Amino acid sequence: MAVDAKGNLIDPDGASHSILIFKGPAMCGKLAGSIADPYGQPSDASSPDALGGPIAVANIFGGASSMLGSISICSVARGCTRNLTNPAMFEVAGVAMDSKGNCWADATNPRGAATLTYFQNCAGRGEAATGFANSSFGGLDFDAHGNLVTIDFAASNVRVYAGCDPACRKVGGPLALRGRAVFGKLNRLGVSFAAADVTSGQIDIYDYTPARLTYKYRFNEGLPGTQDVEGIAYDPHSKQEPSL
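A few points on the structure. This is a predicted model, so every value here is computed, not measured.

### A look at the sheet that holds strand β13 (residues 140–142)
And step 1. Strand order in the open sheet formed by four strands is β13-β14-β15-β16, and the pairing between neighbours is antiparallel. A single partner strand is all that each edge strand has here, and the edge strands are β13 and β16 (168–176). Direction aside, the axes of adjacent strands within the sheet are offset by 25 degrees on average.
And step 2. Bridge count between strand β15 (residues 157–163) and β16: six bridges; the pairing is antiparallel. Across the sheet, residue G163 finds its bridge partner in β16, namely C168.

In structure tokens form, the structure reads like this:
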């Protein structure tokens, strides 16, 4: 799941092949929109303005006509109107949309190798991001410096890159995670990172800088350890751009 810049919660519901938007900023806000995704099974979403603008939706797998994962471009007003695909995208886990309307997809290709694909203006066929060193797919977020923060699920670590449009420059990592997570998010100031630990059913909280993750504590709010914990989001989310 994700929170947009206005505090609205975006919930990609893989079971119903839809994207739910809950009005924020408020805990457990009212359902404000529901979008059917005809292009695949939603696994992640990203948008600066989920109720008034475009939403980039990661489909881990495609629809009935294709198993290939993709990125759907959707809106509450118009539904899902575009589908972005690339031969390097087979299973798509994470997606990120920046404030300028560019998109990135974190995926594995048909051979199981990790890929990061850049879509300028969230359109076109995409370009392979060079210098991407992850070993498997995972979630994406931007830190307060505009760096792309990526989770490597298989390696249980985080890597931080700049650019990736399409050339990535290494900023930090690999930064070890305590447990295995597919998704994680940064807080408003970009100093706290929350990871959804699927191995223990916990949310793990870390102090974050681009060069270091320091484990602080974990919580589950009553979730049994046998339950998978997949998504986590901060409200407000990371400001995502450096201060001027």
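### Here's the deal with the environment of T209
And step 1. Mapping T209 onto the fold places it in strand β19 (residues 202–209).
And step 2. With a relative accessible area of 39%, T209 lands in the partly exposed category.
And step 3. Considered as a pair, T209 and A144 are 65 residues apart in the sequence and their alpha carbons are 9.7 Å apart.

### Quick look at the sheet that holds strand β18 (residues 192–197)
Strand pairing within a sheet occurs via backbone hydrogen bonds; the two strands may be parallel or antiparallel.
And step 1. Strand order in the open sheet made by the four strands is β17-β18-β19-β20, with antiparallel pairing throughout. Among the strands making up the open sheet, the edge pair consists of β17 (181–186) and β20 (212–219). Neighbour-to-neighbour, the strand axes of this sheet turn through a mean angle of 25 degrees, independent of strand direction.
And step 2. Alignment of β18 against β19, held across six bridges, turns out to be antiparallel. If you follow A195 over to β19, its bridge partner there is D204.

### Topic: the pattern of salt bridges
And step 1. Under the counting rule described, the total for this entry stands at four salt bridges.
And step 2. The closest approach of N and O atoms between D197 and R218, which form a salt bridge, is 3.1 Å. With a gap of 21 residues between them, D197 in strand β18 and R218 in strand β20 connect regions that are remote in the sequence.
And step 3. Residue R218 is classed as partly exposed on the basis of its relative accessible area of 29%.
And step 4. Between D204 and R218 there is a salt bridge, with the nearest N and O atoms lying 3.0 Å from each other. Of this pair, D204 sits in strand β19 while R218 sits in strand β20, and the two are 14 residues apart along the sequence.
And step 5. The network of salt bridges with common partners includes D197, D204 and R218.

### Side note on the side chain of S136
And step 1. Mapped onto the elements, S136 comes out in the loop between β12 (127–128) and β13.
And step 2. A distance of 2.8 Å separates polar atoms of two side chains, one belonging to S136 and the other to D152.
And step 3. Within the structure, S136 has its side chain in polar contact with the backbone nitrogen of F153 (distance 3.2 Å).
And step 4. With sequence-adjacent residues up to four places away left out, S136 is seen in contact with D106, T108, A114, I151, D152, F153, A154 and A155.

Reading guide: rules and limits
Residues numbered from 1 in each chain as written. Predicted model: local features only at pLDDT ≥ 70, side-chain atom pairs only at ≥ 80, totals over all residues. Heavy atoms only, no water. Pairing = 2+ DSSP bridges. Helix = DSSP H or I, 4+ residues; strand = E, 2+ residues; numbered from the N terminus. Axes fitted to C-alpha atoms, helices over the stretch in contact; angles between N-to-C directions. Buried < 20%, exposed > 50% of the residue type's maximum accessible area, 1.4 Å probe, protein only. Salt bridge = Lys/Arg side-chain N within 4 Å of Asp/Glu carboxyl O. Polar contact = N/O pair within 3.5 Å; in protein donor to acceptor, adjacent residues only side chain to side chain. Contact = heavy atoms within 4.5 Å.

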